[in-house]
Amino acid sequence: MKKTYPESIRRIIDRVISQTDSADAFLEQRACYLWVEVVGPGVNRYTSRRYVDNGVLHVYLTSAPLKNELSFHRAALTERINSIIGKNVLKDIMIH
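Attention in this report is confined to the structure presented alongside it. (Residues numbered from 1 in each chain as written. Predicted model: local features only at pLDDT ≥ 70, side-chain atom pairs only at ≥ 80, totals over all residues. Heavy atoms only, no water.)

**What to know about the pattern of salt bridges**
For the structure on display, the rule yields three salt bridges. Where Glu 7 meets Arg 15, a salt bridge forms, and the shortest distance between an N and an O atom there is 2.8 Å. Residue class for Glu 7 comes out partly exposed when judged on its relative accessible area of 39%. For Asp 92, the salt bridge identified is with Arg 74, shortest N-O distance 3.1 Å. Placement of Asp 92 in strand β3 (residues 92-95) and of Arg 74 in helix α4 (residues 74-85) is noted, with a sequence separation of 18 residues between them. Looking at Asp 92, the relative accessible area reads 22%, which means it is partly exposed. Judged by its relative accessible area of 28%, Arg 74 is partly exposed. (Salt bridge = Lys/Arg side-chain N within 4 Å of Asp/Glu carboxyl O. Buried < 20%, exposed > 50% of the residue type's maximum accessible area, 1.4 Å probe, protein only. Helix = DSSP H or I, 4+ residues; strand = E, 2+ residues; numbered from the N terminus.)

See the structure below:
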């Protein structure tokens, strides 16, 4: 009988995703979910919807002053999300 060693769930998931050529889609979804971690719960309270399309994170906010403020920080937010992921997944963030 062949002896096998335990493998972490993260490694198994990463291996399966890389074999199915859906790694980019997975990383885009991860970038979408990292929005909450990057901006915090206070800003996320005003987020009504978010999605990634062709490397652009679209974020819909319910507060006009917050939209204006975050539009000035788009580059920094994009850089922060990409640095957490470890790869340049996002090209830009559009604040709606």
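**Here's the deal with the pairing of β3**
Side chains Ile 93 and Ile 95 project from β3 onto a buried face, and the interleaved Asp 92 and Met 94 project onto a face without burial. The pairing of strand β2 (residues 56-61) with β3 spans four bridges and is classified as parallel. By the bridge assignment for β3, Val 56 is matched with Asp 92. (Pairing = 2+ DSSP bridges.)

**Topic: the packing of aromatic side chains**
Evaluated as defined, the whole model comprises one aromatic pair. For the pair Tyr 51 and Tyr 60, a centre-to-centre distance of 6.3 Å together with 25 degrees between the ring planes defines the contact as stacked. Judged by relative accessible area, Tyr 51 falls into the partly exposed class, the value being 29%. By relative accessible area, which is 25% here, Tyr 60 ends up partly exposed. (Phe/Tyr/Trp six-rings, centres within 6.5 Å; stacked < 30°, edge-to-face > 60°.)

**As for the packing of helix α2 (residues 23-44) against α4**
In contact at an axis separation of 9 Å, α2 and α4 are set at 115 degrees when each is read in the N-to-C sense. Considering only the axes of α2 and α4, their crossing is right-handed. Residues Leu 27, Arg 30, Ala 31, Leu 34, Trp 35, Glu 37, Val 38 and Val 39 of α2 form the contact with α4, whose participating residues are Leu 77, Arg 80, Ile 81, Ile 84 and Ile 85. Of the residues that constitute the contact of α2 with α4, the class distribution is ten nonpolar, no polar and three charged. (Axes fitted to C-alpha atoms, helices over the stretch in contact; angles between N-to-C directions. Left-handed = near helix turned anticlockwise from the far one by under 90°. Contact = heavy atoms within 4.5 Å. Nonpolar A, V, L, I, M, F, W, Y, C, P; charged D, E, K, R; others polar.)

**Here we look at the side chain of Thr 47**
Here Thr 47 shows up in strand β1 (residues 47-53). Using a relative accessible area of 13% as the deciding quantity, one classes Thr 47 as buried. Separated by 3.5 Å, the side chain of Thr 47 and the backbone oxygen of Val 43 make a polar contact. (Polar contact = N/O pair within 3.5 Å; in protein donor to acceptor, adjacent residues only side chain to side chain.)

Read these as spatial facts, not as claims about activity.
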